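For reference, the chains in residue letters:
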Amino acid sequence: MKILSASYLLPIFSPPIREGAVVIDKEKIVETGPRKKIEKKYPTASREEFDNAVLMPGLVNADSHLELSSLEGTTSPSFIDWFFACLEHQQKITPEERRRNIQEGSQRLLRSGTTCIGDVGGYTGIVSDIAETPLRMVLFPEIMTSAGESISDHYQASLEIVEEILSRQSERITAGIAPYSAYTLSRHLLKIIAVHARQTKIPVKIHAATSFAEMQFFFESRGEIAEALFPRLGWTDSLPPAHRKTPIEFLHSIGFLESAPILVGCLHLSDKDLPLLVRSKSKVVWRPRVQKYFQLGETPVSKIQKAKIPLGLGTNGLGGRHSLSLWDEMRAVKTACTAEDLIRLATEGGARVLGLQDQIGTIEKGKKADLICVKIPLSLVKSRSRAALFQHLVDQTTEKEILATYIDGQSIKV
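Residues numbered from 1 in each chain as written. Predicted model: local features only at pLDDT ≥ 70, side-chain atom pairs only at ≥ 80, totals over all residues. Heavy atoms only, no water.

Enquirer: In this structure, what is going on with the side chain of arginine 172? I would like to understand it.
Expert: Secondary-structure assignment places arginine 172 in the loop between helix H5 (151-167) and strand S8 (173-175). A distance of 2.9 Å separates a polar side-chain atom of arginine 172 from the backbone oxygen of alanine 131. Only 2.8 Å separates the side chain of arginine 172 from the backbone oxygen of leucine 135, close enough to count as a polar contact. (Helix = DSSP H or I, 4+ residues; strand = E, 2+ residues; numbered from the N terminus. Polar contact = N/O pair within 3.5 Å; in protein donor to acceptor, adjacent residues only side chain to side chain.)

As structure tokens, then:
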């Protein structure tokens, strides 16, 4: 049993505790509270003290693509060009390169204070290597295909990876599945995926309502997806009739929302979409930097939060040019969110999106001890300002300020 203490303890679900401490027994949190009270109650526990520092939950990156780390891709901020750069990368990447990307990306995440990710990609032949990283992971084998490639074979290969991950019965690494989008897969396959996810109780993640082009495609069967993406895929004879629905309404109409999916994007939501997300218990991932880079629009964060739809932050991936730091993601936000709101989204919010809210995301009794310690200046310790504390964390935290990282109560050296 050990006690970690710092100038501030941020439980997230409750107000900060000045001179706070947390008691850890093996991988679990036993108790939290003021340092003096905790140390008096547990006099024989070992102690680790962090002065001029904040002890808080590890960050949760709800959507990452670690295998894209080596992707140079295109410098054009065109989503269509980027889609095909990713598709080509996925088809050509070797297991060795994918393994290296995931290992190096994991180290980058840990250095910036992220302790859990929901990663999307291909994991054939490297699941055992991934299991060696200390990160907590939900791995989502991606179903993304083009003409000339058997979608049924791709789907079956993804299911085999899911089974391999689940067969390990790891408490730290589990699996979901990630069909890329509703416009790259048939409605029949999407139905099958949704049913399988419900039956096996695994999370499913999909891009949805990410752009105006997607809205135009599902409503009118025209626009950039119909006129640029489909022809480049060789699907010139596969253009569907106008659905006269939003992407969310389409997913609802085929029963996909019944799987309570994680929806990456949701920038363009109609008034009818929000009730559908609420009833289906869908979750949403917000990616501010990707959205800004591709000029996709702004996520209606206030409406999503008002509807009490779980919302988390993700970095997604823009290849080697893109950092995996959630602090950078938070700094990219230019909406009315407060710094405290952003940190909650990057911890508790991400945990809820990944279905791990009973294990991580806050510092409270019974949860896993996934924690980080962040250095802050003495002047901030003395100020006693809650708003200033959260604002400083968002504005100033880099890898240099991460003093310590714990996963399952174990100190992680990076």
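Enquirer: Help me understand the packing of aromatic side chains, please; the structure alone is not making it clear to me.
Expert: The final tally for this structure, using the stated rule, is 11 aromatic pairs. Ring geometry for phenylalanine 79 against phenylalanine 294: centres 6.2 Å apart, planes inclined by 90 degrees, an arrangement best described as edge-to-face. With phenylalanine 79 in helix H2 (residues 79-92) and phenylalanine 294 in the loop between helix H11 (288-293) and helix H12 (301-306), this residue pair connects regions lying 215 residues apart in the sequence. Cluster of aromatic residues (ring-pair linked, three or more members): Phe79, Trp82, Phe83, Phe84, Tyr180, Tyr293 and Phe294. (Phe/Tyr/Trp six-rings, centres within 6.5 Å; stacked < 30°, edge-to-face > 60°.)

Enquirer: Mind showing me how you'd approach the sheet that holds strand S11 (residues 262-265) here?
Expert: Two orientations exist for strands paired in a sheet by backbone hydrogen bonds: parallel and antiparallel. Spatially, the 4 strands line up as an open sheet ordered S10-S11-S12-S13, and their pairing is parallel. Edge positions in the sheet fall to strand S10 (205-208) and strand S13 (311-313), since each of these pairs with one other strand and no more. On average, adjacent strands in this sheet sit at an angle of 30 degrees to one another, irrespective of strand direction. With 4 bridges connecting them, S10 and S11 associate as parallel partners. The partner of isoleucine 206 across the bridge, within S11, is leucine 263. Packed on one face of the sheet, helix H14 (residues 339-353) meets S11, strand S12 (283-286) and S13 and runs near 115 degrees to S13. (Pairing = 2+ DSSP bridges. Axes fitted to C-alpha atoms, helices over the stretch in contact; angles between N-to-C directions. Contact = heavy atoms within 4.5 Å.)

Enquirer: What exactly am I supposed to notice about the pairing of strand S2 (residues 17-25) here?
Expert: Taken residue by residue, a regular strand's side chains alternate between the two faces of the sheet. Of the strand pairs in this sheet, strand S1 (residues 2-9) and S2 are connected by 7 bridges, and their pairing is antiparallel. Pairing of tyrosine 8 across the sheet is with arginine 18, part of S2. Connecting S2 to the antiparallel partner strand S3 (residues 28-34) that follows it, the hairpin turn spans 2 residues, and lysine 26 within it adopts a positive phi of roughly 60 degrees.

Enquirer: What should I look at first to understand the packing of helix H7 (residues 212-220) against helix H8 (residues 224-233) in this one?
Expert: Relative orientation of the contacting elements H7 and H8 amounts to 95 degrees, with a least axis distance of 8 Å. Relative to H8, the element H7 lies roughly perpendicular. Residues Ala213, Glu214, Gln216 and Phe217 of H7 lie in contact with H8, whose contacting residues are Glu224, Ile225, Ala226 and Phe230. By residue class, the composition of the contact of H7 with H8 is 5 nonpolar, 1 polar and 2 charged. (Parallel < 35°, antiparallel > 145°, perpendicular 65-115°, else oblique. Nonpolar A, V, L, I, M, F, W, Y, C, P; charged D, E, K, R; others polar.)

Enquirer: Could you clarify how one ought to interpret H2 in this entry?
Expert: Because an α-helix packs 3.6 residues into every turn, residues spaced three or four apart end up facing the same way. Taking 1.5 Å as the rise per residue, H2 with 14 residues should run 20 Å; its terminal C-alpha atoms sit 20 Å apart, in good agreement. In terms of burial, H2 is largely enclosed, as 10 of its 14 residues are buried. Buried positions along H2 lie against helix H3 (95-111), strand S7 (136-143), H5 and H8. (Expected span 1.5 Å × (residues − 1). Buried < 20%, exposed > 50% of the residue type's maximum accessible area, 1.4 Å probe, protein only.)

Enquirer: Hey, could you run me through the pattern of salt bridges in this one?
Expert: Opposite charge on two side chains allows them to pair when their charged atoms are near. With the rule as written, the count across this model stands at 21 salt bridges. We note a salt bridge from lysine 92 to glutamate 88, for which the minimum N-O separation is 2.8 Å. You can see lysine 92 and its partner glutamate 88 sitting in helix H2, 4 residues apart, about one turn around the helix. Overall, lysine 92 belongs to the exposed group, its relative accessible area being 59%. Residue glutamate 340 is joined to arginine 386 by a salt bridge in which the shortest nitrogen-to-oxygen separation is 2.7 Å. In this pair, glutamate 340 is assigned in helix H14 and arginine 386 in helix H16 (residues 386-396), connecting sequence segments 46 residues apart. (Salt bridge = Lys/Arg side-chain N within 4 Å of Asp/Glu carboxyl O.)

Enquirer: Is there a simple way to explain the sheet that holds S3 in this structure?
Expert: The sheet built from 7 strands is open, its strands ordered S3-S2-S1-S4-S14-S15-S16 with mixed pairing. Edge positions in the sheet fall to S3 and strand S16 (410-411), since each has one partner strand and no second. As paired elements, strand S15 (residues 402-407) and S16 share 2 bridges and run antiparallel to each other. Bridging from a neighbouring strand, tyrosine 406 pairs with serine 411 of S16.

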